[in-house]
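Commentary on secondary and tertiary structure
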Amino acid sequence: MAKIHIGKNVLDHQLLDKDGRRCGNVDDLGLEDDVVVAIYSGPGVWPQRAGLLGRVAGWIGGSQRIRIPWEEVAKVDSAVHLKRTAPEYGLGRGDDRLRPYFERIPGADR
Amino acid sequence: MRSAVVLVAVLLLTGCNGGTVDRHALTNDAATIDSINCESWLLARAAERGRLTTYYAREQAEELQIQAANFADALAHRKTASGLEQRVRAKAKEAATLSSRLQRLHKHPTDHALAAQLAQTFKQAGNCS
Amino acid sequence: MSKLLNLALGILAAIGGFVDIGDLVFNTAAGATFGYQLMWVIPIGVIGIIVYSEMCGRVAAVSGKAVFDTVRERAGFKAGLYALIASEVVNLLTLAAEIGGVAIVLQLLSGLDYRVLLPLAIVALAVVMWTIKLDWIERIFGYGGLALLVFAVAAVKSGPDWVKVGNGFIPHLAQNNPWLYLYFVIGLLGAAMTPYEVYFYSSGGVEDRWTPKDIGLNRANAIVGYGLGGFLSLALMIVGGAVFLRHGINPEHLGTIALGAEEPLGKAGLLFALVGILFAVGGASIDTVFSGAYNLAQYLGWEWGRYRHPAGAPRFALTWLVLLVAALAIVITGVDPVMLTEYAVIFSAVALPLTYIPILLVANDREYMGTNRNGRLANVLGVVYLVVIMVIAVAAIPLMIITNVGQN
């Protein structure tokens, strides 16, 4: 369990999965008694972080909101490294959904 | 949100080209017509000497012609401060003449003799050095 | 030897890539309006972009993070979002102006219709960005942009009053038309310190996996590249004064700028100028659209990268495709690209502090940067330019209004 001051070094940082793939950002933290117990990621979280503009952004981005328990964090350096691959958390779905379309266009896998 | 409103207001204020032609605007308009004349002079002179490509001469002449024509249109119809009406409308005529000369250059970009003739005309009209 | 060659090639590409439509328009117009009186502004702008780029490059080398990654971390979600939106809007305006510029030059070269060339240019750019490796894109457009050196030749050949040129390097305020003069000061600085160049540069550094060992080489690359690029800006201003002001011309069309090279040098001058403008503005538009996609992807934590083929970073690729289409939508309305350029440069000057300040803070952060944090020189320059940037940002819009976007 991480103390809240570590939260400052984690919030708004890049999330990287086990393979070093970029899969989102630490959009919010879940706290219990001043202790960080979870990471939240996804547009569903944005409205509470940025007022009106955040609500608009969230409306554009969708309601997705993924909770990652703090135990899943392998390492924290300039990014937050997770223990498993992105799909296992439900992260990076946007890229996964688009990829089949792009792969069909010639030159996309150069 | 507030800044967006300010931004729109600013854009409207600065983008607006309308308004009354007063003495200051008239001076600016005269300078613009001279500028287009002098640029046309350089263009025609280069055309005369065969120093332009056909496409460049044709397209650039058209750009200038459109600019002059729009100008003529605006000056012919805009409200003017009292006492200036005659001079503003005279400027409108000048711009229209400039536009038709440029139209000729645009239509015959490779006619060196025409270009030479027009070059002189533009130079005089714009008081160019 | 190979490293030196690479450095030389990188510098060449940087010179050609430094000049974009904002520089072309503002430097020429400044020369045509005030002669050589604004020469002193150009070195200030060049040093400014070197300072900004160097800091971003150093942050990228030490932390492996590009600008918007850093901005979000440092400023937080909310402030970062404002910075992102401002940057993306400015980016899109700039892109639209550049696409318009490309189409204008293509029209001058081919005689084809402008409205047809616009979507053609977009498609051509998209194909290039999709299929050609970025190294090659940089080389092609960078070397093509070197044709702009014709303006250096034209500047000399046009026989300016060199004493007056020299005097232009002494900062002063013009006696006639001071407000328009100040507008040009802002415009020249804004055109020199275009943020998208910096976003692109730092993202490139992350992709090339710079480490602290690369800092020195890349600092040299930035200084020489931007410096020589600034030299081109000086040439444009001299041509503005020696050709346009001399003949009483106020250039309002992109094609007119090429005439500035034709006057002293004839047809060859014209052609080199047109080709140079085409490659410089075309290359700039690629940098701009990638920057727009980088910023969004970095802020949101998506996978990104030009080396990450489109299938590897689908949302990133979709972003730049959408940006191209959006730019097309703006410019196909028939709005004048030169006017659009002026707005883009002024607004980018207003938005500049939003990303400069977080970077300056991070570059100073001992925890983040370790021994590579700003030394005394970097901080003196960094703070001086912070003041410059804040003054420009605050003065830009009022001056734009007072001078009616430079129309006076």
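So, here's what we can say about the structure. (Residues numbered from 1 in each chain as written. Chains lettered and ligands numbered in written order. Predicted model: local features only at pLDDT ≥ 70, side-chain atom pairs only at ≥ 80, totals over all residues.)

Before going further, it helps to examine the overall build of chain C. Within chain C one finds 16 helices and 0 strands. Over its C-alpha trace chain C gives a radius of gyration of 20 Å, about what one expects of a compact globule, namely 22 Å for 408 residues. Projecting the C-alpha coordinates of chain C onto the three principal axes gives extents of approximately 55 × 50 × 45 Å. Across the 408 residues that make up chain C, the buried fraction comes to 62%. Looking at chain C alone, contacts between residues at least 24 apart form 86% of all its contacts between residues at least 6 apart. (Helix = DSSP H or I, 4+ residues; strand = E, 2+ residues; numbered from the N terminus. Rg over C-alpha atoms; globule rule 2.2 N^0.38 Å. Buried ≥ 20, exposed ≤ 12 C-beta atoms within 10 Å, placed from the backbone. Contact = placed C-beta atoms within 7 Å.)

Core analysis: the biggest nonpolar cluster contains 188 residues, and I99, V105, F151, L188, A273 and I277 of chain C have the highest contact counts within it. With 26 residues, helix α12 (residues 254-300) of chain C is the single largest residue contributor to this core. I277 of chain C has contacts with L24, V105, I257 and A258 of chain C, leaving out every residue within four places of it along the chain. Membership of the second largest hydrophobic core comes to 13 residues, among which are L11, L15, A79 and L82 of chain A. (Core = buried A, V, L, I, M, F, W, Y, C linked by C-beta atoms within 7 Å.)

With that out of the way, let us pick up the interface of chain A and chain C. Interface size is commonly expressed as the accessible surface area that is lost when the partners come together. Across the contact, 25 residues belong to chain A and 23 residues belong to chain C. Going through the elements one at a time, β2 (14-16), β3 (22-25), α2 (47-61) and α4 (93-104) of chain A are the ones with two or more residues in the side of chain A that touches chain C. Here the side of chain A that touches chain C is built from residues that sort into 7 nonpolar, 9 polar and 9 charged. (Nonpolar A, V, L, I, M, F, W, Y, C, P; charged D, E, K, R; others polar.)

This brings us to the packing of helix α3 (residues 41-63) of chain C against helix α11 (residues 215-245) of chain C. Residues and elements named next belong to chain C. Relative orientation of the contacting elements α3 and α11 amounts to 155 degrees, with a least axis distance of 9 Å. Accordingly, the angle class assigned to the pair α3 and α11 is roughly antiparallel. Between α3 and α11 lies a crossing of right-handed hand. Facing I42, P43, V46, I49, I50, S53, E54, G57, R58 and A61 of α3, the residues of α11 in contact are I215, N218, R219, A222, I223, Y226, G227, G230, S233, L234 and M237. (Axes fitted to C-alpha atoms, helices over the stretch in contact; angles between N-to-C directions. Parallel < 35°, antiparallel > 145°, perpendicular 65-115°, else oblique. Left-handed = near helix turned anticlockwise from the far one by under 90°.)

Moving on, we come to helix α10 (residues 195-207) of chain C. All names here are of chain C. Across its 13 residues, α10 extends 18 Å between first and last C-alpha, which sits within 8% of the 18 Å expected from 1.5 Å per residue. Of all the 13 residues making up α10, 12 are buried; the element is thus mostly covered by neighbouring parts of the structure. Taken together, the buried positions of α10 are occupied by P195, Y196, E197, V198, Y199, F200, Y201, S202, S203, G204, G205 and V206. On its buried side, α10 packs onto α3, α4 (67-110), α11, α12 and α14 (337-364). Phi turns positive one or two residues past the end of α10, at R209, with a value near 55 degrees. (Expected span 1.5 Å × (residues − 1).)

Moving on: unusual backbone geometry. In this model, N127 of chain B sits at a positive phi of 55 degrees, which is unusual for a non-glycine residue. Within the element layout of this structure, N127 of chain B appears in the segment after α5 (112-126). By C-beta crowding, N127 of chain B is classed as exposed, having 10 other C-beta atoms within 10 Å. Backbone geometry at V405 of chain C places phi at a positive 55 degrees, although glycine is not the residue there. Within the fold, V405 of chain C resides in the segment after α16 (376-402). Classification of V405 of chain C as partly exposed rests on a count of 17 C-beta atoms within 10 Å.

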